[in-house]
Amino acid sequence: MRSQCQHMMAAFKARLKTFEDLLGADKIDRGKLRKECYQGCPENNCRALCWKLLLNYLPLQRSEWEKEKAKQRAAYRNFIQELIIIPGQKAKSNLSANGTLADHPLNPNPDSQWQEDFKDNDMLMQIDKDCRRLCPDLFFFQRATEFPCEELVKAGSNVETLRKRVEHSVLKSETVARNRQGITVNRSNSRRKSEDYIALKEGEEAHWEVVERILFIYAKLNPGLNYVQGMNEILGPIYYTFATDHDDDCRTNAEADSFFCFTNLMAEIRDSFIKSLDESQCGIGYSMELLYRKLREQDVALWHRLEEVELKPQFFAFRWLTLMLSQEFPLPDVLRIWDSLFADANRFDFLIYICMAMLVLVRNEILTSDFPSIMKLVQNFPHNRIDIHTVLAKATELSFRQS
Amino acid sequence: MAKKTYDLLFKLLLIGDSGVGKTCLLFRFSDDAFNTTFISTIGIDFKIKTVELGGKKIKLQIWDTAGQERFHTITTSYYRGAMGIMLVYDITNAKTFENISKWLRNIDEHANEDVEKMILGNKCDMEDKRQVATARGDSIAKEHCIPFLETSAKANINVEKAFMDLAQAILNKTPGRVAEPGGVNVSSQETGSKKCC
Ligand SMILES: Nc1nc2c(ncn2[C@@H]2O[C@H](COP(=O)(O)OP(=O)(O)OP(=O)(O)O)[C@@H](O)[C@H]2O)c(=O)[nH]1
Ligand SMILES: [Mg+2]
């Protein structure tokens, strides 16, 4: 027992040393980095740094890191300035200029901010709903961040924050709806119930609000894509990793850094979020087909059973693939899976193998159960029974068998 | 193969804007509990519940869909097989009510012609935040000859009734559609869902 424990400690230390050497080099060896990360980054230690490198946020040349980080973080501050603070100041002054609204909903001027604001508010409400519901089993996202956006939350700020904006648009639509019914009610005191914002003091921001801001900025900068539900589940684990790192610089800049890593990651997976690409060679429809095709090559009986009961990949693999399994496993497992995914040189081929492994590992149940039982099984993968290491080992085995 | 433990199988579908409470309603019905913190539904979710109606064991296969526009190509593919569809809006959010007609059009386009429908105005426990009067829900339902209920997944109001009513409506016209062992009683179709038009 004792010697086994010592053995594990020694192995862990050796693993840390490997990563320290790897990440301490003047120029990071990308091949080696991939190889090591594929086996899993050491917890709470250098995962954040590894992901920044694997997602091409940081260059391989160590001496360029500081300059690069400074540049990107400044750019992000600019985005906040242009997309939230300046419009927020306008909104605030527009509100207070009582009676003499410079801009208003019926403004015929095509430059009117209102049309755009309405669209933005709809999007923001959707982001808001999803971010509140992010990783509910984890208290982390409800907690206050140590590093709120000072300009937004400081006392006497003359900016309408995203939170206020959500409150206002709820209020506005309430008033509009009531007026249409011909009911006049004084609802000026109808603030959102305090239960919606758990015990945060003035000047504080919850982590989910930071995530909300990142998603809002991303959506504003990518109008063709906009916000799609599920993006929160992609950003969540990245932000969590950066905001809980042991390194101060990493935690302090978790917001900006995760914005860029998310942006880079989305550049690779965005096609699954685009409806019009569903049936194309790069869309999610194609990935789902690929999963079944590869399964057929590996395990005809299993594939045949799924076809027989007409269990289409849309019924479960849509979520598995678009969210990179982030809803199928608890967060620590998700982080471990993503180590391997980000390390994949043919990024996200390995995701298909993990999905296949998950199916193969419950093959006996699939072969002997009826449609509803199989549906339940694949919608709630039994991660308590089949641990993540078994899944990843199986996925690796499958990927070797095919190549 | 496993023995059949039910007499009939009904496939139901829940649709409506994101955040109106579809997943909560289904959870209330299947597990008799409420959970404020459901993650948003991506693609589709699925639950089974067996109920008894008119002396028959009926297995309800209920599909819960994602509300956001992006998922429509994925979700409309389930319309075809559905025998009953719940259309849900949120009484505290006027927009979700306005979209009911859009969802109705979706049904016309993608579902079987004879699919049973039901409109639910959810979150009726939040009277102080109400934006959609009960009368408005009533009138759109009448206009389309669809049964209507206000529900609350949170306070457990009308949830069971909603699902049972929908199942009953399907049951009422079942003999005419499904050949049952032991003779089909076609005339019972007449006593079936006689609606306003
Ligand atoms: N007060 C109240 N809140 C409710 C009720 N039903 C749902 N909610 C709340 O509404 C929010 C959204 O509920 P969901 O069931 O996740 O909504 P959905 O329609 O499934 O949304 P999508 O999956 O995004 O399409 C949750 O935060 C619930 O707490 C209700 O009857 N009363
Ligand atoms: Mg849902």
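For the structure itself, look to the data block above.
Residues numbered from 1 in each chain as written. Chains lettered and ligands numbered in written order. Predicted model: local features only at pLDDT ≥ 70, side-chain atom pairs only at ≥ 80, totals over all residues. Heavy atoms only, no water.

Participant: Explain the overall build of chain B to me, and be specific about the residues and the numbers.
Facilitator: Secondary structure assignment for chain B yields seven helices and six strands. Mapped from its N terminus to its C terminus, chain B presents α and β elements in the order β-α-β-β-α-β-α-α-β-α-β-α-α. Taking the intrachain contacts of chain B between residues at least 6 apart in sequence as the baseline, contacts between residues at least 24 apart amount to 72%. When the accessible area of chain B is evaluated, it comes to approximately 8600 Å², of which 50% is carbon and sulfur surface. (Helix = DSSP H or I, 4+ residues; strand = E, 2+ residues; numbered from the N terminus. Contact = heavy atoms within 4.5 Å. Areas by Shrake-Rupley, 256 points an atom, 1.4 Å probe, with all protein chains shown as cover.)

Participant: Explain the coordination of the magnesium ion (ligand 2) residue by residue, including any values.
Facilitator: Residues and elements named next belong to chain B. Within the protein, Thr23 (OG1) and Thr41 (OG1) serve as the donor atoms for the magnesium ion (ligand 2), at 2.0 Å. Highlighted residues: Thr23 in helix H1 (residues 22-31) and Thr41 in the loop between H1 and strand E2 (44-53), separated in sequence by 18 residues. Here Thr23 and Thr41 have matching classes, each one buried. (Donors = N, O, S within 2.8 Å, 3.2 Å for Na, K, Ca; no water. Buried < 20%, exposed > 50% of the residue type's maximum accessible area, 1.4 Å probe, protein only.)

Participant: So what about the sheet that holds strand E6 (residues 148-150) of chain B? Which residues, and what values?
Facilitator: Residue and element names in this part refer to chain B. Spatially, the six strands line up as an open sheet ordered E2-E3-E1-E4-E5-E6, and their pairing is mixed. The open sheet is flanked by E2 and E6, the only strands paired with a single partner. The mean angle between the axes of side-by-side strands here comes to 25 degrees, regardless of whether they run parallel or antiparallel. Where strand E1 (residues 8-15) lies against strand E4 (residues 84-90), four bridges are found, and the strand directions are parallel. Counterpart to Leu12 in the pairing with E4 is Gly84. On the sheet, helix H5 (residues 134-143) packs against E4, strand E5 (116-122) and E6 and is oriented at approximately 160 degrees with respect to E6. (Pairing = 2+ DSSP bridges. Axes fitted to C-alpha atoms, helices over the stretch in contact; angles between N-to-C directions.)

Participant: So what's going on with empty space enclosed by the protein? Residues and values would help.
Facilitator: All names here are of chain A. Applying the stated rule across the entire model yields two cavities of 30 Å³ or more. Along its surface, the second largest cavity is lined by Arg30, Arg34, Leu53, Leu54, Phe342 and Arg347. Contributions of two or more residues to the lining of the second largest cavity are made by helix H2 (30-38) and helix H3 (47-54). Split by residue class, the lining of the second largest cavity holds three nonpolar, no polar and three charged. (1 Å grid on protein atoms, 1.4 Å probe; cavity = no way out; pocket = protein on both sides within 12 Å on 5 of 7 lines; lining within 4 Å. Points joined across faces, edges and corners; volume = space filled by probe spheres on them. Nonpolar A, V, L, I, M, F, W, Y, C, P; charged D, E, K, R; others polar.)

Participant: Which residues make up the site of ligand 1, and what values do they have?
Facilitator: Neighbouring ligand 1 are 24 residues; Arg133 of chain A together with Ser18, Thr23, Asp125 and Ala153 of chain B lie closest to it. In this structure, Gly19 of chain B approaches ligand 1 through a main-chain N or O atom, which is 2.8 Å from an oxygen atom. At 2.8 Å from an oxygen atom of ligand 1 is found a side-chain nitrogen or oxygen belonging to Lys22 of chain B. Burial of ligand 1 by the protein chains amounts to 92% of its free accessible area of 660 Å². With three residues, H1 of chain B is the single largest residue contributor to the shell around ligand 1. (Near = heavy atom within 4 Å. Polar contact = N/O pair within 3.5 Å; in protein donor to acceptor, adjacent residues only side chain to side chain.)

Participant: How would you summarise the packing of aromatic side chains if you had to cite specific residues and measurements?
Facilitator: Residue and element names in this part refer to chain A. According to the stated counting rule, one finds 26 aromatic pairs over all chains in the structure shown. When the centroid spacing of 6.3 Å and the interplanar angle of 50 degrees are considered together, the rings of Phe140 and Tyr239 count as tilted. One end of the pair, Phe140, is in the loop between helix H5 (113-132) and helix H6 (150-153); the other, Tyr239, is in helix H9 (residues 231-243), with 99 residues separating them in the sequence. Comparing Phe140 with Tyr239 shows no difference in burial state: the two are buried. Both rings, one in Phe141 and one in Tyr239, keep their centres 6.5 Å apart while their planes meet at 35 degrees; by these two values the pair is tilted. (Phe/Tyr/Trp six-rings, centres within 6.5 Å; stacked < 30°, edge-to-face > 60°.)

Participant: Run through the nonpolar core, naming residues and quoting values.
Facilitator: Ranked by internal contacts, the top residues of the largest apolar core, which has 155 residues, are Met231, Tyr239, Leu311, Met324, Trp338, Leu341 and Ile354 of chain A. Residue contributions to this core peak at 11 residues, all from helix H16 (residues 349-361) of chain A. Aside from chain neighbours lying at most four places away, what touches Ile354 of chain A is Leu325, Ile337, Leu341, Val391, Leu392 and Ala395 of chain A. Ranked by size, the runner-up nonpolar core spans 30 residues in total, among them Leu14, Cys24, Ala162 and Leu171 of chain B. (Core = buried A, V, L, I, M, F, W, Y, C linked by side-chain atoms within 4.5 Å.)

Purely spatial values, then, with no claim about function.
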